[in-house]
Amino acid sequence: MEIKWAKRIEELPPYLFAEIDRKKNELIEKGVDVIDLGVGDPDIPTPDHIIESLREAAGRPEHHRYPSYVGMLSFREAAAEWYSQRFGVSLDPAKEIVTLIGSKEGIAHAPLAFLDPGDIALVPDPGYPVYPVSTTFAGGVPHPMPLLKENGFFPDLDAISAQVAERAVMMFLNYPNNPTTVLANEGFFSEVVDFARKNNILICHDAAYTEIAFYGKNPLSFLEIPGAMDVGIEFHSLSKTFSMTGWRLAFAAGNEKAIGGLGKIKTNIDSGAFQAVQVAGITALRNSSVGLEERKEVYRERLEIFCRGLEEAGISYTQPDATFYVWFEVPEGMTSSDFCARMLSEAGVVVTPGNGFGDCGEGYARVSVTFDTERIKQAAERIADFKP
Ligand SMILES: *Cc1c(COP(=O)(O)O)cnc(C)c1O
């Protein structure tokens, strides 16, 4: 017999990085020193007090059994306390928070909870590819909202047609934004609340980078905005904040009915996060400032080093006030794919083509600075010498 794939995976967009990966490995085999600045995954280890907490909790037999589907109440309480201290937002840990196995898991499952076939989810373009893919998996239709430089990389809500708004039931947003690195302001978030109310659209704000900001910038939680709890939920992850990407721990917070819906999907699909990891997550959230400034300093220094390299090359970039990425414009007359292919073959540096994040990312490229500072310096020198 022949195994058939479902249309939902047959029709996935081609994996844009496959060709780059192939070329990268080819060059490495030839002995070329390739610097890969592709993936955003902290190289700074998880702080010791968190690891110690896992070690202790992992030895306890009560954590070896199935966890609760929606997460340990104690973890959700720690998340609520952290929200209250950090953002001044008060949340009921029993009803307004659900533990996730990484925020990617929650984001990927959310459309199953809220979309019926044919419903639209508004997604930022460029944006995290999980928003449109999970929408499609749920039978929904992703509708891109262009994030353009001339609009400060915010979507133009007035440009969304009445027909689209009518069919839309969800909107994904993400600030501080990956890949453009910009922060939201209160004015924009308030417009979003009004738009959501008027059109009955659930806002799903991905807040993975609220703790990674520089120069005194203090990113907002969407839930701080008056009325936001009526219209939205926010995904928060321990991954980037605490250098815990491999641990798979996050939570969603916000509107009770929406959190309940997401919880129903999870109850039927997964069996929750390992409790010892949740215990370590409590330790992380209760000591959230330990080492954070130091980690941010490392990213800030690396971002500045890389941006100086771009300046020397005459390449324009968005000043990164948050996240650990640089979003920059590829030189005139080149596509994102051309530029990235040439960066790899001529400079031995892997950069991510902007169109991998959506059509509006064309003309841009992204680097991540979650790599050794010396390597970032070398990459910056190679970029500075790059002649288009
Ligand atoms: C890294 C990232 C995530 C996923 O984080 P996990 O909690 O590790 O799954 C979600 N959204 C954006 C925009 C990210 O960059």
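Scoring rules and cut-offs
- Residues numbered from 1 in each chain as written.
- Predicted model: local features only at pLDDT ≥ 70, side-chain atom pairs only at ≥ 80, totals over all residues.
- Heavy atoms only, no water.
- Domains from an automatic or database assignment.
- Contact = heavy atoms within 4.5 Å.
- Salt bridge = Lys/Arg side-chain N within 4 Å of Asp/Glu carboxyl O.
- Polar contact = N/O pair within 3.5 Å; in protein donor to acceptor, adjacent residues only side chain to side chain.
- Near = heavy atom within 4 Å.
- Areas by Shrake-Rupley, 256 points an atom, 1.4 Å probe, with all protein chains shown as cover.
- Helix = DSSP H or I, 4+ residues; strand = E, 2+ residues; numbered from the N terminus.
- Nonpolar A, V, L, I, M, F, W, Y, C, P; charged D, E, K, R; others polar.
- Core = buried A, V, L, I, M, F, W, Y, C linked by side-chain atoms within 4.5 Å.
- Buried < 20%, exposed > 50% of the residue type's maximum accessible area, 1.4 Å probe, protein only.
- Pairing = 2+ DSSP bridges.

### Some remarks on the domain arrangement of the chain
Domain annotation for the chain reports domain 1 (7-45 + 291-385) and domain 2 (48-286). One C-alpha centre belongs to domain 1, the other to domain 2; they are set 26 Å apart. Taken together, the 33 residues of domain 1 in the interface contact 31 residues of domain 2. For the pair domain 1 and domain 2, the number of links is two salt bridges. Here Glu329 ties to Lys149 by a salt bridge, and the two come within 2.9 Å at their closest N and O atoms. At the boundary of domain 1 with domain 2, the tally comes to 13 residue pairs in polar contact (both at pLDDT 80 or more).

### Here we look at the site of the ligand
Close to the ligand lie Gly102, Ser103, Lys104, Tyr128, Asn174, Asn178, Asp206, Tyr209, Ser237, Ser239, Lys240 and Arg248, which account for all nearby residues. Here an oxygen atom of the ligand and a backbone polar atom of Ser103 are 2.7 Å apart. At 3.1 Å from an oxygen atom of the ligand is found a side-chain nitrogen or oxygen belonging to Lys240. Surface burial for the ligand is 94%, taken as the share of its 390 Å² of free accessible area covered by protein chains. Broken down by secondary-structure element, the contributors of at least two residues to the shell around the ligand are helix H5 (103-114) and helix H10 (238-241). Among the residues forming the shell around the ligand, the class breakdown is two nonpolar, six polar and four charged.

### Section: the nonpolar core
Ranked by size, the top nonpolar core spans 58 residues in total, and within it Leu122, Met171 and Phe251 carry the most contacts. Sorting the residues of this core by element identifies helix H4 (73-87), strand E3 (120-125), helix H7 (162-167), strand E5 (168-174), helix H8 (186-199), helix H9 (228-231), strand E8 (250-254) and helix H12 (275-286) as the ones contributing at least two each. With seven residues, the top contributor of residues to this core is H4. Two domains each provide a minimum of three residues to this core, namely domain 1 (7-45 + 291-385) and domain 2 (48-286). Every residue in contact with Met171, bar those within four places of it in the chain, is listed here: Leu122, Met145, Leu157, Val192, Phe195, Ile201, Leu202, Ile203 and Cys204. Counting 39 residues, the second largest nonpolar core, distinct from the first, contains Ile44, Tyr209, Tyr325 and Phe328.

### Concerning the sheet that holds strand E9 (residues 325-329)
Strand pairing in a sheet is mediated by backbone hydrogen bonds. Such pairs are either parallel or antiparallel. Taken in spatial order, the three strands of this open sheet run E9-E12-E11, and their pairing is antiparallel. Where the open sheet ends on each side, the last strands, each with one partner, are E9 and strand E11 (352-353). Here E11 runs beside strand E12 (residues 364-368); their pairing, made up of two bridges, is antiparallel. When the bridges of E12 are listed, Thr352 appears paired with Arg366.

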